[in-house]
Amino acid sequence: MKIVAINASPRKNWNTAQLVRAAADGAAENGSEVEVIDLYAIGKYSGCISCFGCKTEKHYGECICNDDLKPVLDKIRNADGLILGTPNYLGEATAAFRALYERLIFQYITYNTEHYSANNRQIPVLFITTSNAGDGAYEPGGFYSELVKNYQSTLTRFIGKTEVLIAGDTLQVDDYSKYDWTMFDPESKKKRHEAVFPKKIEQAKALGAKMVQR
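Summary of the structure given here. (Residues numbered from 1 in each chain as written. Predicted model: local features only at pLDDT ≥ 70, side-chain atom pairs only at ≥ 80, totals over all residues. Heavy atoms only, no water.)

**Points about the packing of helix α3 (residues 95–106) against helix α4 (residues 145–158)**
This is how the line gets drawn: All axes are obtained by fitting lines to C-alpha atoms, using only the stretch in contact for helices, and the reported angles, taken between N-to-C directions, cover 0 to 180 degrees. Secondary structure follows DSSP: runs of H or I at least 4 residues long count as helices, runs of E at least 2 residues long count as strands, and numbering of each begins at the N terminus. Should the near helix be turned counterclockwise from the far one by less than a right angle, the crossing is left-handed, whereas a clockwise turn marks it as right-handed. Throughout, a contact is declared for two residues whenever any of their heavy atoms are within 4.5 Å. When residue character is reported, Ala, Val, Leu, Ile, Met, Phe, Trp, Tyr, Cys and Pro are called nonpolar, Asp, Glu, Lys and Arg charged, and the others, Gly included, polar.
It is the contact of α3 with α4, at a shortest axis distance of 11 Å, that shows an interaxial angle of 35 degrees. Note that α3 runs across α4; the crossing there is left-handed. For the pair α3 and α4, contact is made by Phe 97, Arg 98, Tyr 101, Leu 104 and Ile 105 and by Asn 150, Tyr 151, Thr 154, Leu 155 and Phe 158, respectively. Here the contact of α3 with α4 is built from residues that sort into seven nonpolar, two polar and one charged.

Okay, here's the thing in structure tokens:
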């Protein structure tokens, strides 16, 4: 199997990146070939430009926007599994994630009542999101529950069955004393991170392994 793992955080070694790499490790340790991509480091690209090239007969179901995101989309097209990770910024996924998401999904939308998707090759997906917001914000009825539900539903519909891993109330920085952030208790943040985040790493690793073992 070939797995593509994408870190859509601008930070290459922080919470989201660590969870994406843990999931990638789980897949690799179970025999998969894994490529990890830091989306903020690949070059210049945009979200969907609404050219509708993917709706033409020649390029049906394939994004034709030829920028630095195109090779990533091609790798996903040929992958056997997809790991996606993004932090929650201002109540949404990052701008880089949204660019990828728009291009990934829209190329498959057919506007055809007989068949809704041009993707005839479903693959398993793991959607990872991290947030300073507490876990309760992601539970049913929580502020971000619909956000995650919508991503899971659309990814399942157009890419493949999608599992979700959420890491809430994350540690944002190593040293809170550098900032005038009076709403946080740095010691509580650190203690929670030390107690909870290693478990999230293990969950990510297990979900990456599960993707290969299906």
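**So, the pattern of salt bridges**
In plain terms, the rule: Salt bridges are counted wherever a side-chain nitrogen of Lys or Arg sits within 4 Å of a carboxyl oxygen of Asp or Glu. Throughout this description, buried means an accessible area under 20% of the type-specific maximum (1.4 Å probe, protein chains only), exposed means over 50%, and partly exposed covers the range between.
This model, assessed by the stated rule, comprises eleven salt bridges. For Glu 29, the salt bridge is made with Lys 205, and the minimal N-O distance between the two is 3.2 Å. Of this pair, Glu 29 sits in the loop between α1 (15–28) and β2 (33–38) while Lys 205 sits in helix α5 (residues 186–213), and the two are 176 residues apart along the sequence. Here Glu 29 falls in the exposed class, since its relative accessible area comes to 57%. A salt bridge links Asp 74 to Lys 70, with the nearest nitrogen and oxygen atoms 3.2 Å apart. Taken as a pair, Asp 74 and Lys 70 lie in helix α2 (residues 70–77) at a separation of four residues, close to a single helical turn. Taken together, the salt bridges that share partners define one network made up of Asp 135, Asp 169, Lys 189 and Arg 192.

**Regarding the packing of aromatic side chains**
How we decide: Classification of ring pairs uses Phe, Tyr and Trp, with its six-membered ring standing for Trp, and accepts pairs whose centres are within 6.5 Å; under 30 degrees between planes counts as stacked, over 60 as edge-to-face, and the remaining range as tilted.
What the rule picks out here adds up to 14 aromatic pairs. With 5.7 Å between their ring centres and 55 degrees between their planes, Phe 97 and Phe 127 make a pair best called tilted. Taken together, the residues span a long stretch of sequence, with Phe 97 in helix α3 and Phe 127 in strand β4 (residues 125–130) at a distance of 30 residues. Just as Phe 97 is buried, Phe 127 falls in that class too.

**Quick notes on α3**
For clarity, the cut-off: Here the expected span of a helix is defined as 1.5 Å times the quantity of residues minus one.
Relative to the 16 Å expected for twelve residues at 1.5 Å per residue, α3 spans 16 Å between its end C-alpha atoms, a close match to the ideal helical length. Within α3, nine of the twelve residues are buried, leaving the element largely enclosed by the surrounding structure. Taken together, the buried positions of α3 are Ala 96, Phe 97, Ala 99, Leu 100, Tyr 101, Arg 103, Leu 104, Ile 105 and Phe 106. For α3, the elements touching its buried residues are β1 (2–7), α2, β3 (81–87), β4 and α4.

**With respect to the nonpolar core**
We count it as follows: Nine residue types can take part in a nonpolar core, namely buried Ala, Val, Leu, Ile, Met, Phe, Trp, Tyr and Cys, and a core is a set of them joined through side-chain atoms within 4.5 Å.
Core analysis: the biggest nonpolar cluster contains 36 residues, and Ile 6, Leu 82, Leu 84, Leu 100, Leu 155 and Ile 159 have the highest contact counts within it. Of all elements in the fold, only β1, α2, β3, α3, β4 and α4 reach the threshold of two or more residues within this core. No other element matches the six residues that α3 contributes to this core. Setting aside anything within four residues of it in sequence, one finds Ile 159 in contact with Leu 82, Leu 104, Ile 105, Tyr 108, Asn 119, Arg 121, Gln 122, Ile 123, Val 125 and Thr 154. In terms of nonpolar packing, the next biggest core, distinct from the first, is built from 18 residues, Val 20, Ala 23, Ile 128 and Leu 165 among them.

**Overview of the environment of Asp 67**
Rules: Each polar contact in these results corresponds to two N or O atoms within 3.5 Å; when the atoms are within protein, one needs to be able to donate a hydrogen and the other to accept it, and residues that are neighboring in sequence are counted only if both atoms are side-chain atoms.
By secondary structure assignment, the location of Asp 67 is in the loop between β2 and α2. The buried category is assigned to Asp 67, whose relative accessible area is 17%. With residues near it in sequence (within four places) discarded, Asp 67 still touches Lys 44, Tyr 45, Ser 46 and Arg 103. Looking at Asp 67, its side chain comes within polar contact range of the main-chain nitrogen of Ser 46, at 3.2 Å.

Remember, this is a structural readout, not a statement about activity or role.
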